[in-house]
Amino acid sequence: MVEVKNISFSYGKKAAVKNISFNVRPGECVGILGNNGSGKSTLITCLNKIRTPKSGGVFIENRDMLKMSRLETSRRISYVAQKNEISQMTVFDSVLLGRKPYIKWAVSQEDIDICDDTIEKIGLSPFKLRYIDELSGGELQKVMLARALVQQPKLMLLDEPTSNLDPKNQYEMLGLVRDLTLERQMCSVIVLHDISLALRYCDRFLFIKEGEMYKYGDESIVTPETLKYVYGISSTIEMINGKKVVVIG
């Protein structure tokens, strides 16, 4: 279980995140939703100590992550950023970087096996020795996901992982996250803009408006009234092929 309690963060005197609390159960994906500038990305970077919260705590298995060392944190939390640096590095070597918290004097056979297994599971085996600057956007995002997974995290944070992907790769990416979260009984927190994608792949939803939590709960809170308040849009929610879809207008 991951518990986020009263997290607040400010840029100077401007409050960006205000007393946000929620929890994530093992095997569960939580979608963070809200307008640009509402504090979504700031919030998740407070959860992994990229930014230090002004107040509050993040508890993983009843231990306060904010009081852990960087090494302890990196063994429990992984992060997939919006944008990733592209370098002259092979897919395998890039994924292997995720094992850094575990590598001591040298790379072990266990490290290699974990990377190989993850690369195969995500469908990257044909690209294993290819340089990542030769990959498509969807392939690169899968590499970043693989790197996060080989950390063997309790909590995986993803900041708009589908923002630069075409529809096919969006579905593939979030399907992988959903399946692996359940299989490995991780807790995953995903910042998303597409509400229909969130409804398809997330178990619970955190709506943020101007740095404050508006609602947190299951799909029953994703209503036209909520979307009107958070986004200022008129919408209906339709059932299409057994899936809920948000129709704007």
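Look a little higher up for the structure.
Residues numbered from 1 in each chain as written. Predicted model: local features only at pLDDT ≥ 70, side-chain atom pairs only at ≥ 80, totals over all residues. Heavy atoms only, no water.

A. Highlighting unusual backbone geometry. The backbone phi angle of Asn19 is positive, close to 50°, even though this residue is not glycine. Relative to the assigned elements, Asn19 resides in strand 2 (residues 14-24). The phi dihedral of Gln152 falls on the positive side, at around 55°, and the residue is not glycine. Structurally, Gln152 can be placed in the loop between helix 5 (137-149) and strand 7 (155-159). (Helix = DSSP H or I, 4+ residues; strand = E, 2+ residues; numbered from the N terminus.)

B. Spotlight on the packing of helix 5 against helix 6 (residues 167-184). Where helix 5 meets helix 6, the closest approach of the two axes is 10 Å, and the angle between their N-to-C directions is 15°. Put simply, helix 5 runs roughly parallel to helix 6. The handedness of the crossing between helix 5 and helix 6 is right-handed. Contacts between helix 5 and helix 6 involve Gly138, Gln141, Lys142, Leu145 and Leu149 from the first element and Asn169, Glu172, Met173, Leu176, Val177, Leu180 and Arg184 from the second. Within the contact of helix 5 with helix 6, the residues separate by chemical class into six nonpolar, three polar and three charged. (Axes fitted to C-alpha atoms, helices over the stretch in contact; angles between N-to-C directions. Parallel < 35°, antiparallel > 145°, perpendicular 65-115°, else oblique. Left-handed = near helix turned anticlockwise from the far one by under 90°. Contact = heavy atoms within 4.5 Å. Nonpolar A, V, L, I, M, F, W, Y, C, P; charged D, E, K, R; others polar.)

C. Region of the structure containing the environment of Ala148. Following the sequence through the fold, Ala148 ends up in helix 5. On the basis of relative accessibility, which here comes to 1%, the residue Ala148 falls in the buried class. Sequence separation between Ala148 and Thr226 is 78 residues; the distance between their C-alpha atoms is 32 Å. Setting aside residues up to four positions removed in sequence, Ala148 forms contacts with Ser78, Val80, Pro153 and Met156. (Buried < 20%, exposed > 50% of the residue type's maximum accessible area, 1.4 Å probe, protein only.)

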